[in-house]
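Each chain is listed here by its residues.
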Amino acid sequence: MILIGSRALSLRLPFLKRKPADFDFICTEVECQSWIESNKDKLNISKVYPLKEFNKIIVESNTPGCNCEFEIIMPGSSNELLTELVTNDPQTIPSEFGSIPSLNTLFTIKASHKYKNTRPDFFWKTVNDYHLMKKCGASITGDLQDFYNLRKQESYKGQQFPKLNVDKKDFFTNGGQLQYVYEHDDIHKAIAIMDRPAYTYYGKDGEE
């Protein structure tokens, strides 16, 4: 069983001020059920249910900060690869909650979903944790690259990203309807400090 997320990060970086909101685990289904059974009295469980589309089991608790999310290891998944990496990494820390991955590994997991379309509070939590770990020297090392690529592919499955190299009328059009009220470039001109907006200094010649 592997502990990831904010709870694992708080054990790696004790000076982390934000209090973790839940527990995030990566494990087999057998490990998940065994852990729930062993800790059911401590968890004060209100609800247990699967999220089959994400291969997850969710445990909701009546005690604040004790919700649990279990990512079930599937054959060929990034979680299967992560298990191998964590097992063979001398920087892995054993704990009562499971194995705690290295800071680089936690950073790689965070980096793999930093652009995920999610709630604003989740997004900013990811941004803050990402930059905190980076400031502490964390990086995606060569041995983590394959895991990162696979994890990123899984994280963004089905998510559409905006295409930036299109005409602005195409970019701001949705279903044939123009989606903006003000001319964006005019705002840059209105607040320009120098003789012209900053973006014009690095834009391509002849392009808007």
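Preceding this paragraph is the structure being described.
Below is a summary of the structure that appears in this document.

Procedures and definitions
Residues numbered from 1 in each chain as written. Predicted model: local features only at pLDDT ≥ 70, side-chain atom pairs only at ≥ 80, totals over all residues. Heavy atoms only, no water. 1 Å grid on protein atoms, 1.4 Å probe; cavity = no way out; pocket = protein on both sides within 12 Å on 5 of 7 lines; lining within 4 Å. Points joined across faces, edges and corners; volume = space filled by probe spheres on them. Helix = DSSP H or I, 4+ residues; strand = E, 2+ residues; numbered from the N terminus. Nonpolar A, V, L, I, M, F, W, Y, C, P; charged D, E, K, R; others polar. Buried < 20%, exposed > 50% of the residue type's maximum accessible area, 1.4 Å probe, protein only. Arc of directions from axis to C-beta. Contact = heavy atoms within 4.5 Å. Salt bridge = Lys/Arg side-chain N within 4 Å of Asp/Glu carboxyl O. Pairing = 2+ DSSP bridges. Axes fitted to C-alpha atoms, helices over the stretch in contact; angles between N-to-C directions. Core = buried A, V, L, I, M, F, W, Y, C linked by side-chain atoms within 4.5 Å. Polar contact = N/O pair within 3.5 Å; in protein donor to acceptor, adjacent residues only side chain to side chain.

Remarks on the layout of surface pockets
Of the voids in this model, the largest pocket is the one considered here, and its volume is about 1600 Å³. Looking at the largest pocket, it is lined by 49 residues, and the ones nearest its centre are K56, E69, E71, K116 and R151. Here the lining of the largest pocket gets 6 residues from one element, more than from any other, and that element is helix α5 (residues 120–135). Here the residues of the lining of the largest pocket sort into 17 nonpolar, 15 polar and 17 charged.

Focus on helix α6 (residues 145–155)
Taken together, the buried positions of α6 are occupied by F147, Y148, R151 and S155. Taken end-on, α6 shows its buried residues confined to a sector of 100 degrees, consistent with a single buried face. Turned more than 90 degrees away from the buried face of α6, the exposed residues are D146 and Q153. Its buried side turned inward, α6 meets β1 (2–4), β2 (22–27), β5 (67–72), α3 (78–88) and α4 (103–111).

Brief notes about the pattern of salt bridges
For the coordinates displayed, the defined rule picks out 6 salt bridges. A salt bridge links K56 to E69, with the nearest nitrogen and oxygen atoms 2.8 Å apart. Highlighted residues: K56 in strand β4 (residues 56–61) and E69 in strand β5, separated in sequence by 13 residues. Since its relative accessible area comes to 22%, E69 is described here as partly exposed. A salt bridge links D121 to R119; the shortest N-O distance between them is 2.4 Å.

Remarks on the environment of R7
Mapped onto the elements, R7 comes out in helix α1 (residues 5–12). The exposure class assigned to R7 is buried, which follows from its relative accessible area of 18%. In sequence terms R7 and K19 are 12 residues apart; their C-alpha atoms lie 8.3 Å from each other. Once residues lying within four places of it in the same chain are set aside, the contact partners of R7 are P20, A21, D22, F23 and G65.

Here we look at the sheet that holds β1
The strand order across the open sheet formed by 5 strands is β1-β2-β5-β4-β3, and the pairing between neighbours is mixed. Strands with a single pairing partner mark the edges of an open sheet, and in this sheet they are β1 and β3 (45–51). Each strand of the sheet is rotated relative to its neighbour by a mean of 20 degrees, with strand direction disregarded. Relative to β4, β3 is paired through 6 bridges, and the arrangement is antiparallel. Of the residues in β4, the one forming a bridge with L51 is K56. With respect to the sheet, α1 is in contact with β1 and β2, its orientation differing from that of β1 by roughly 90 degrees.

Structural notes on unusual backbone geometry
The backbone of N44 sits at a positive phi, close to 55 degrees, despite the residue not being glycine. Residue position: N44 is located in the loop between α2 (29–43) and β3. Residue classification places N44 among the partly exposed positions, given a relative accessible area of 36%. At N55, a position not held by glycine, the phi torsion is positive, near 55 degrees. Mapping N55 onto the fold places it in the loop between β3 and β4.

A word on the nonpolar core
F25, C32, C68, F70, L82 and M133 are the most contacted members of the largest nonpolar core, which has 36 residues in total. Considering every element that reaches this core, the biggest residue donor is α4, with 5 residues. Setting aside anything within four residues of it in sequence, one finds M133 in contact with L9, L13, L103, L106, F107, K110 and A138.

Focus: the environment of Y130
Looking at where Y130 falls in the secondary structure, it is placed in helix α5. Residues Y130 and I109, spaced 21 residues apart in sequence, show a C-alpha to C-alpha distance of 9.7 Å. If we ignore the near neighbours within four places in the chain, the residues touching Y130 are F107, K110, A111 and K114. A polar side-chain atom of Y130 sits 3.3 Å from a polar atom in the side chain of K114.

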